[in-house]
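In case you want the letters, here they are:
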Amino acid sequence: AMIAIDKLSLESNGIYKVDVYREGFQTGSNEVSISCDINKCNQCDPSITIPMVGAIRKKHPRVVLVWQKERKNPGLYAIQRNMETGVRQCVSRNNRQCNGVTVNAHNAVSNANHFKTMSVGSKHIGKAGNIKYYTIVVNLKSDGNGNEVVDETIKNSKVHVIVTDSSGASLRVNMRTQTYKKDKYWIVGCMGGEYMVTASFTEINQFLDSPPEDGVDYCKHFLSKGLKNCFAGLKGPSYSVADNGGLIKQTMFDSAKECADECTLMQDCQAFDWFGPGDSEFKSCLLYKSGKLSGSLDDGRVRYASVCPKAGRN
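**A word on the overall build of the protein chain**
When its secondary structure is counted, the protein chain shows three helices and 18 strands. Pairs at least 24 residues apart make up 68% of the contacts formed inside the protein chain by residues separated by at least 6 positions. With the model as given, the accessible surface of the protein chain reaches about 16,100 Å², and the carbon-plus-sulfur share is 46%.

Shown next as structure tokens:
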């Protein structure tokens, strides 16, 4: 983690996005709303926290939890499960180590500055039975005196999570504070697959009073259910299906996971493209009879792809 303090001069009110760059570190950004009285400038001192952590390893996305106000050190952790069976393999909580979860080594520093980080992803890519999926969870450690006090603390904290993969693609999940009622756990969402791209992420954004690892699997939609899983090998954001054997259909889905599931369940489908946020064809899902996975392309498209050859199909 990197700690630095700086000040910027602003000429008007509004919403400002601040980006921070430093060699060897993951790019950081955050937004702040400024609404100050020009006659009381000395009483206006807005601030934001922008986490800066080390470079990301290939196939190991970084998850960053940020809260603007002190929240008694909320805990960021993950529930790791096997994608083929759904069996819970590990919970990276209370200093427990998981082979697919790495907690940032400088958390003692980052805690004091209101953010935590961890990396997720199997260390044994390509081996059968080693493809994982993860439930991202925040332990809020709620212990306020009444819902009203706790609710106000959460709303002022501007709690959010940023997920960034090794290609630099990132997404942000803002806590849905409208549904918070002194709950103790925030289920952020799910991600998984062999290459762990951000396009695999699905948002849950729900609260619980009890540890989610003790209850139902909120990410069970990641299970391959014995089928040839067309999602597990998803790559992007600059990949495509090359030499396709013919387009079966083009449709629209909100996520790459939904597009992959459509291909998985369709016997003739053995490859697909899905276009991500920022692309002119965002949400477009193209299903093919066959194909090969291209290498990384320099075409400016936000496109994710996967191939899943099925037995008895050419």
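**So, the pairing of strand β10 (residues 170–174)**
The sheet contact formed by strand β9 (residues 160–164) and β10 spans five bridges and is antiparallel. Bridge pairing in β10 links T164 to S170. Once β9 ends, the chain turns through five residues before running back antiparallel as β10, passing G168 with a positive phi of about 100°.

**What to know about the packing of aromatic side chains**
The tally for this structure, following the rule as stated, stands at five aromatic pairs. Aromatic side chains Y180 and F207 sit 5.2 Å apart centroid to centroid with 70° between the ring planes, which places their arrangement in the edge-to-face category. Highlighted residues: Y180 in the loop between β10 and β11 (185–192) and F207 in strand β12 (residues 202–208), separated in sequence by 27 residues. The buried category is assigned to Y180, whose relative accessible area is 2%. When its relative accessible area of 12% is taken as the criterion, F207 is described as buried. For the ring pair F222 and F231, a centre distance of 5.4 Å and an interplane angle of 80° mean the geometry is edge-to-face. The pair F222 / F231 is uniform in exposure class, with both members buried. Joined through ring pairs, the aromatic side chains of Y133, F222 and F231 make up one cluster. In this arrangement the basic side chain of K235 is found over the ring face of Y195, its NZ or CZ atom lying 4.5 Å from the centre. We note K257 situated over the ring of F231; from NZ or CZ to the ring centre the distance is 5.4 Å.

**Considerations on the sheet that holds β9**
Taken in spatial order, the five strands line up as β6-β7-β3-β9-β10 in an open sheet, and their pairing is antiparallel. Every interior strand has two partners, whereas the edge strands, β6 (101–103) and β10, have only one. For this sheet, the mean inter-axis angle between neighbouring strands, taken without regard to orientation, is 20°. Summarising the sheet, β6 and strand β7 (residues 115–120) pair through three bridges and their orientation is antiparallel. Each residue of the ladder has a partner; that of V101, found in β7, is V120.

**Focus on the nonpolar core**
Formed by 32 residues in total, the largest nonpolar core has its most connected members in L234, F272 and W274. Contributing elements (two or more residues each) for this core: β4 (75–82), β8 (132–139), β11, β12, α3 (256–265), β15 (271–275) and β16 (284–288). Top element by residues in this core is α3. It accounts for four residues. L65, W67, L76 and M118 belong to the second-largest nonpolar core, a separate cluster that totals 27 residues.

**Considering the state of the cysteines**
Here the structure, examined in full by the defined rule, presents six disulfides. In this model C190 forms its disulfide with C219; the gap between the sulfur atoms is 1.9 Å. Given an S-S torsion of about -80°, the disulfide between C190 and C219 has left-handed geometry. You can see C190 sitting in strand β11 and its partner C219 sitting in the loop between β12 and β13 (241–242), a full 29 residues away along the chain. Per residue, the accessibility class of C190 equals that of C219, and both read buried.

**Concerning the sheet that holds strand β18 (residues 303–307)**
Read across the open sheet, the four strands follow the order β14-β16-β15-β18; overall the sheet is antiparallel. Each edge of the sheet is formed by a strand with only one pairing partner; in this case those strands are β14 (247–252) and β18. Direction aside, neighbouring strands of the sheet carry axes that sit 15° apart on average. Inspection of the sheet shows β14 paired to β16 by five bridges, in the antiparallel sense. Note that in β16 the partner of K249 across the bridge is L287. Its contacts with the sheet place α3 against β14, β15 and β16, and it is angled at close to 160° to β15.

**Considerations on the pairing of β12**
In terms of residue burial, β12 counts as a mostly covered element, since five of its seven residues are buried. Where β11 and β12 come together, five bridges link them in antiparallel fashion. Residue Y185 lies in a different strand from β12, and its bridge partner there is L208.

**Remarks on the confidence of the model for the protein chain**
When pLDDT is averaged across the protein chain, the result is 81; 80% of the residues are at 70 or more. For the protein chain, the element scoring lowest by mean pLDDT is helix α1 (residues 107–112), at 58; β16 scores highest, at 98. Taken as a whole, residues 144–149 scores under 50 in pLDDT and shows five contacts with residues more than four places along the chain or in a different chain.

Calculation criteria
Residues numbered from 1 in each chain as written. Predicted model: local features only at pLDDT ≥ 70, side-chain atom pairs only at ≥ 80, totals over all residues. Heavy atoms only, no water. Helix = DSSP H or I, 4+ residues; strand = E, 2+ residues; numbered from the N terminus. Contact = heavy atoms within 4.5 Å. Areas by Shrake-Rupley, 256 points an atom, 1.4 Å probe, with all protein chains shown as cover. Pairing = 2+ DSSP bridges. Phe/Tyr/Trp six-rings, centres within 6.5 Å; stacked < 30°, edge-to-face > 60°. Buried < 20%, exposed > 50% of the residue type's maximum accessible area, 1.4 Å probe, protein only. Lys NZ or Arg CZ within 6 Å of the ring centre and 35° of its normal. Axes fitted to C-alpha atoms, helices over the stretch in contact; angles between N-to-C directions. Core = buried A, V, L, I, M, F, W, Y, C linked by side-chain atoms within 4.5 Å. Disulfide = S-S within 2.5 Å. pLDDT = per-residue confidence, 0-100.

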